[in-house]
Amino acid sequence: MKLQISHQTNYYYDELAHRSVQYIRMTPMQLPHQIIHQWDVMLPKVATSQKDGFGNDWLTLSRNEAHNNLQMQASGIVEINTNTERLEDMDNVPYLLFTVQSPLTACSEAMRTFADPYLTTPTHDSIKALAAELLAKIPYVKNTTHVGTTAAEAFELGAGVCQDHTHVFLGCLRDRQIPARYVSGYLYDDTANHMASHAWAEAWLDGYWYTFDISNQMFQPSSHVYVAIGRDYLDAAPVRGVRMGGGYENLYSQVLVSRLS
Amino acid sequence: MNQKSSQRQSQHTGQSQQQTTTSPKKPQSFDELQNGKGSYRPAARSVGDWLDHTSINALNHLNEQAADIFYRKGVTFTVYSDAKNIERMIPFDIIPRIIAASEWRQIEAGCRQRITALNAFLHDIYHDQAIMKAGIVPASYVYASGCYEPWMMGIELDKPIYSHISGIDLIRDESGRFCVLEDNLRTPSGVSYMLESRNISEILLSDQFSHTSILGVSDYPKRLKSCLASSTSKYDPQIAILTPGRFNSAYYEHAFLAHEMNVPLVHGYDLIVEDSKVYMQGIRGKVQVDIIYRRIDDPYIDPLAFRSDSILGVSGLMSAYRAGNVVIVNAPGTGVADDKSLYPFVPDMIEFYLGEKPLLPNIETYQCRKPDELQYVLDNLDKLVVKETQGSGGYGMLIGPTSTKQEISDYRKRLLANPAGFIAQPTISLSTNPTAVSDGIAPRHIDLRPFILSHGDGSVDIVPGGLTRVAMVEGSLVVNSSQGGGIKDTWVIDDSDLAASTKPSVAKKQDNQIDKQSSEAITANHSHYHDPVQPLEAGYENPDNAPMILLLSTANYLVWLGRYSERLYYYDNIIKQLVKGNIKKAQLHHLINHLGFNVDPNQPLKTMKAQMLRDLEQEKIPNIVQSIETNVQEAKGVIGKDTAELYNLIKRLSSAGTYRAATLQLHACNAAMAQEHPIVTCFWQLGRHFEQLERAVFLNEDTVAISLEFKHWINKLPENTRWRELIRLTNQMIKSQQLSDFQLLSKECSTILQQGV
């Protein structure tokens, strides 16, 4: 399936910012089941292009002149193999690394109790069942959580978005020493082409990475475009930035994913 | 010394000639200076002779003098548990710890071997992971340490060294064998104590120095600088020390090393990243930084890569680091290798990477994550020392033999809740060293932290000695400064000509050596006279003419130091007039209206005067003294040691309530400031004259003369930069005499100081 993707992210500041630095991860990964035909990230200034420790494409944009907005546009054409069941491990990122909790995924007692029945003898099916129960427990509700909400907080709240679903799921699995990682990317949905950027989880079972998209209850990356992987949101976030000055900010963000073939 | 460190175990009282309180069944601690028969070891004979002929009163007097020197210099540290971050002084004992050079060579070889293996391990875990694949170190231990840093994966460092500066904590067991208690590979501190201790014993025990061959340590800053410079293949790299700031307990050391190495002391806000290069904001513009000796912990160095709430670090630093444009010393992610859960594997690392047998043994360690070892630990809690794998500073550990039943049972619960977070070791009686205590010389337990410098080419450099920490409480095995431990000077004594002789060789000292040493001492003691405090730009022979790299933020602190100094004089002057009584009511009203005092203008003159005095003495002056102290601390990297010492006295005089003396002391400080590097003096003078100018403007006084003096200093600012605008605005103000022109000048001045040229 060939997808045309356009990801627009605009920040508008109330005041002039003197300086800002952004770490940007908006370039899809090169993977056996995912071919990048064309990709561009347009930024207000030339950025440094590197790989981060996980092998993600990573841009650093630094601006040392006064500015009151930041506009980023990532777009291109990606072809994915929709029949992919699971992913091979990458040599450069040891899977055991993903058994370690991060502050965002730390497992609370309530999460542990909740996940326990599904993880005593974990199988692909039992973990899918856990994923289903998680969505029932934490229905998808926008604007109840923020980027810094921890897994335990979202679980307690009983509401959240894909980032929260993924963190809670990762927290439960890692608590059982099952390697599980965070994936940031795009989702093709034939019912609606306006989407925000997406996040889902992968768990390491019988030597492969399996997809667990809690928010959509999808367990194969059939409509998923991989952009970055990491331990949690902070490792894979599309944008992490710091600025000096600027006051309050408004964010306009939109992802368009449409099917070419 | 807030860094990681440890506890020292065992509770039995040390044994020596002076003291007899020991249980006969327990092994005796090794005494560093004396052998079992009460005579001094060969390398310690000279000091022994001196000790035998020195009264305890004389020793206590020397210790008081040492404390005075520490106090004057402001060699202090902060204890985290203190509610108000009270400044404390580290206890110092004048009786040195002595190591024979022949023994030292073994320590040196052991540390060199250990650090080489640890650096190889760090490289390995972030690349091929051969040691994990070989099943020697379990991968799960490496990741579970919580210090494994994915940002370090796959980086090809210019020079593959991770821990450039390491501290290895050594103890000596009952048989006198040196063992490794723990490794410190993050940001080990304490080296300034090593240097200050040596300084003090050179001053107070100059006789001993003149007839003993003590190996020197004073070139440590030079050796550190060459180690730092070797971490990149760049020519003449620019080094900076990154500090978390003056509230950090080791700030004294950060400023000390910056000063001694002639490199800028920077805060996160001084550094900016542009196109993946790191620059510092200087008064002439940006200067690229090639090597950052950071004294900030990993989670805080880059808010975009690590903790996003950190305000201490540098946004974008990891981008510059991974691009190879800057070296971070020590590298992020070194904490894996000094984690206590990996400590038991260090001997295996030495065998694996070097194919050698460890020269320095580990202490037997029980890993509580292993069920059978946990069971042993639980059964023997009253005999063991239990530590958190992530613990440091002597916090959060259990010393079984000296703990109460309640403490043991509480600790048992913590241990059971997370066994993998703990290790245990047998309680070892640390060696003792004679120490001057109030009623005599008594043995106190000690350890040793040598400082190991790993150069980019793989060579390892260790200054002969290190930091000897001493538990000042009888029988205590806890030497951490955060737990009340003190320090001693560590003398590595050349014993090559002592080995054969059984008599002290004091008399045989050659005269020419004494001459050489005393002439070196003269140079050393007078280094202040010729040392440039901060780095000079290349190509300038004469330090007085060379531009120095002055940070913009430091310039701002100097300006404020000048302003507050001037304000203190002015307030002192008002007090004089109030006390003498020759101040009129109209004058008082004028001051109150324009400068703001907490005085009720409707009261009779007498009451107003009393209110004004109270406001000055209780509020205004204490606040100014505090502000002077703050700005001196912030500018410490560029102010001479003697000048800083003079300023220290202001703080202390005023905290004793003698503001008049504090003001007089300020005269001495001003005299010293006038002799600092010309550009340092310039910004401080700028502040003083700006303060006078502002006051004259507020009080509607004639400003012409003051403006001209102000202009004199403005003219000395770097040419051909944005500073030039200040000259124009000053001239404009002199011509117009308008408040609005003063305001323009004031605004431009603070804008430049904030945003740079």
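These numbers come from a predicted model, not from an experiment.

Caption draft 1: Broad picture of the overall build of chain B. Secondary structure assignment for chain B yields 24 helices and 22 strands. Put simply, chain B has 757 residues, and 50% of those count as buried.

Caption draft 2: Representation of the overall build of chain A. A tally of regular secondary structure across chain A gives five helices and 13 strands. Whereas a compact globule of 261 residues would reach a radius of gyration of roughly 18 Å, chain A reaches 18 Å, a difference of no more than 12%. Dimensions of chain A, computed from C-alpha atoms along their principal axes, come out at roughly 55 × 40 × 35 Å. The proportion of buried residues among the 261 residues of chain A is 44%.

Caption draft 3: Inspection of the nonpolar core at higher detail. Among the nonpolar cores identified, the biggest contains 270 residues, and A:F169, A:A201, A:F212, B:V278 and B:I292 are the most heavily contacted of them. Per-element accounting of this core gives the leading share, 11 residues, to helix α16 (residues 552–580) of chain B. When near neighbours in sequence (up to four residues on either side) are disregarded, B:I292 contacts B:A240, B:L242, B:V278, B:V326, B:I328 and B:V329.

Caption draft 4: Here's a closer look at the interface of chain A and chain B. Chain A puts 21 residues into the contact, and the matching count from chain B is 25 residues. At the level of elements, β1 (2–24), β3 (48–51), β4 (57–63) and β12 (239–245) of chain A are the ones that each hand at least two residues to the side of chain A that touches chain B. Considered class by class, the residues forming the side of chain A that touches chain B number nine nonpolar, nine polar and three charged.

Caption draft 5: A look at the packing of helix α2 (residues 124–137) of chain A against helix α4 (residues 162–175) of chain A. Residues and elements named next belong to chain A. Between α2 and α4, the shortest axis-to-axis distance is 11 Å and the interhelical angle comes to 135 degrees. On the basis of their axis angle, the class for α2 and α4 is oblique. Crossing geometry of α2 relative to α4 is assigned as right-handed. The segment α2 lies against α4, with L130, A131, L134 and L135 engaging H165, V168, F169 and C172. Split by residue class, the contact of α2 with α4 holds seven nonpolar, one polar and no charged.

Caption draft 6: Local environment of the sheet that holds strand β9 (residues 198–205) of chain A. Residue and element names in this part refer to chain A. Taken in spatial order, the five strands make up an open sheet running β6-β10-β9-β7-β11, and their pairing is antiparallel. A strand with exactly one partner marks an edge of an open sheet, and here the two such strands are β6 (86–87) and β11 (224–230). In terms of strand pairing, strand β7 (residues 180–187) meets β11 through six bridges, oriented antiparallel. Residue pairing in the sheet places Y182 in a bridge with G230 of β11. Seen against the sheet, α4 touches β7, β9 and β10 (208–212) and runs at an angle of roughly 15 degrees to β9.

Caption draft 7: Main features of the confidence of the model for chain B. Residues and elements named next belong to chain B. Taken as a whole, chain B shows an average pLDDT of 87; of its residues, 88% reach a score of 70 or greater. Between residues 81–85, whose pLDDT stays under 50, and residues either more than four places distant or in other chains, the model counts two contacts. pLDDT under 50 marks residues 500–512. Its contacts with residues more than four places away, or in other chains, come to 10 contacts. The complex model carries a pTM of 0.90, and its ipTM stands at 0.95.

Caption draft 8: Representation of the pairing of strand β17 (residues 432–437) of chain B in the model. Burial analysis of β17(B) places five of its six residues in the buried class, which makes it a mostly covered element. Hairpin connection of β17(B) to strand β18 (residues 440–449) of chain B: two residues between the antiparallel strands.

Caption draft 9: Summary view of the packing of helix α22 (residues 704–714) of chain B against helix α23 (residues 724–736) of chain B. Residues and elements named next belong to chain B. Running from amino to carboxyl end, α22 crosses α23 at an angle of 170 degrees, the nearest separation of the two axes being 10 Å. Judged on the interaxial angle alone, α23 and α22 are roughly antiparallel. Residues V704, S707, F710, K711 and I714 of α22 lie in contact with α23, whose contacting residues are L726, I727, T730, M733 and I734. Taken together, the residues that form the contact of α22 with α23 break down as seven nonpolar, two polar and one charged.

Caption draft 10: Seen up close, the domain arrangement of chain B. Residues and elements named next belong to chain B. The assigned domain composition of chain B is domain 1 (238–289 + 291–324) and domain 2 (552–755). Once you take the C-alpha centre of each, domain 1 and domain 2 turn out to be 30 Å apart. Facing 13 residues of domain 1, the contacting portion of domain 2 comprises 10 residues. If you list the elements that add at least two residues to the side of domain 1 that touches domain 2, you get α9 (251–261) and β9 (277–282). At three residues, the largest contribution of residues to the side of domain 1 that touches domain 2 is made by α9. Across the side of domain 1 that touches domain 2, the residue classes break down as six nonpolar, four polar and three charged.

Caption draft 11: Structural context of the domain arrangement of chain A. All names here are of chain A. When cut into domains, chain A gives domain 1 (2–81 + 239–259) and domain 2 (86–236). The distance between the C-alpha centroids of domain 1 and domain 2 comes to 23 Å. Contact with domain 1, which involves 23 residues of that partner, is made by 22 residues of domain 2. Listed by contribution, the elements that provide at least two residues to the side of domain 1 that touches domain 2 are β1, β5 (67–80) and β13 (249–259). It is β13 that contributes the most residues to the side of domain 1 that touches domain 2, seven residues altogether. Of the residues that constitute the side of domain 1 that touches domain 2, the class distribution is 13 nonpolar, eight polar and two charged.

Caption draft 12: Geometry of unusual backbone geometry. All names here are of chain B. A cis amide bond, omega -15 degrees, links V329 with the succeeding residue N330. Note that N330 resides in the loop between β12 (327–329) and α11 (335–338). The phi dihedral of D275 falls on the positive side, at around 50 degrees, and the residue is not glycine.

Caption draft 13: Expanded view of the sheet that holds strand β14 (residues 384–388) of chain B. Residue and element names in this part refer to chain B. In space, the four strands of this open sheet follow the order β13-β16-β14-β15, with antiparallel pairing throughout. Every other strand in the sheet has two partners, leaving β13 (366–367) and β15 (398–399) as the edge strands with one partner each. Here five bridges tie β14 to strand β16 (residues 422–426), and the two strands are oriented antiparallel to one another. Each residue of the ladder has a partner; that of L384, found in β16, is P426.

Caption draft 14: Here's a closer look at the environment of B:S707. All names here are of chain B. Structurally, S707 can be placed in helix α22. When the C-alpha atoms of S707 and I350 are compared, they prove to be 69 Å apart, with 357 residues separating the residues in sequence. Filtering out sequence-adjacent residues up to four positions away, S707 remains in contact with L693, T730, M733 and I734.

Caption draft 15: Local environment of the pairing of β5(A). Residue and element names in this part refer to chain A. Pairing between β1 and β5: 12 bridges, direction antiparallel. Across the sheet, residue Y11 finds its bridge partner in β5, namely L70. Bridge count for strand β2 (residues 34–42) against β5 is eight bridges, and the pairing is antiparallel. Bridging across to β5, W39 finds its partner in G76.

Caption draft 16: Geometry of the environment of B:S230. With respect to the element layout, B:S230 can be found in the loop between α8 (220–229) and β6 (239–242). Through-space distance from the C-alpha of B:S230 to that of B:S454 is 9.1 Å; in sequence the pair is 224 residues apart.

Caption draft 17: Examining α8(B) more closely. Of the residues making up α8(B), those classed as buried are B:Y220, B:L224, B:K225, B:C227 and B:L228. Along the axis of α8(B), the buried residues cluster in a sector spanning 160 degrees; they form a single face.

Caption draft 18: A look at α9(B). In terms of residue burial, α9(B) counts as a mostly covered element, since 11 of its 11 residues are buried. Listed as buried for α9(B) are B:Y251, B:Y252, B:E253, B:H254, B:A255, B:F256, B:L257, B:A258, B:H259, B:E260 and B:M261.

Caption draft 19: Examining the environment of B:Y343 more closely. Residue and element names in this part refer to chain B. Tracing the backbone through its elements, the reader meets Y343 in the loop between α11 and α12 (346–354). Once the C-alpha coordinates of Y343 and A305 are considered, the two residues, 38 residues apart in sequence, prove to be 28 Å apart. Dropping the residues within four chain positions of it, Y343 is found in contact with E182, N362 and T365.

Criteria and thresholds
Residues numbered from 1 in each chain as written. Chains lettered and ligands numbered in written order. Predicted model: local features only at pLDDT ≥ 70, side-chain atom pairs only at ≥ 80, totals over all residues. Helix = DSSP H or I, 4+ residues; strand = E, 2+ residues; numbered from the N terminus. Buried ≥ 20, exposed ≤ 12 C-beta atoms within 10 Å, placed from the backbone. Rg over C-alpha atoms; globule rule 2.2 N^0.38 Å. Core = buried A, V, L, I, M, F, W, Y, C linked by C-beta atoms within 7 Å. Contact = placed C-beta atoms within 7 Å. Nonpolar A, V, L, I, M, F, W, Y, C, P; charged D, E, K, R; others polar. Axes fitted to C-alpha atoms, helices over the stretch in contact; angles between N-to-C directions. Parallel < 35°, antiparallel > 145°, perpendicular 65-115°, else oblique. Left-handed = near helix turned anticlockwise from the far one by under 90°. Pairing = 2+ DSSP bridges. pLDDT = per-residue confidence, 0-100. Domains from an automatic or database assignment. Arc of directions from axis to C-beta.

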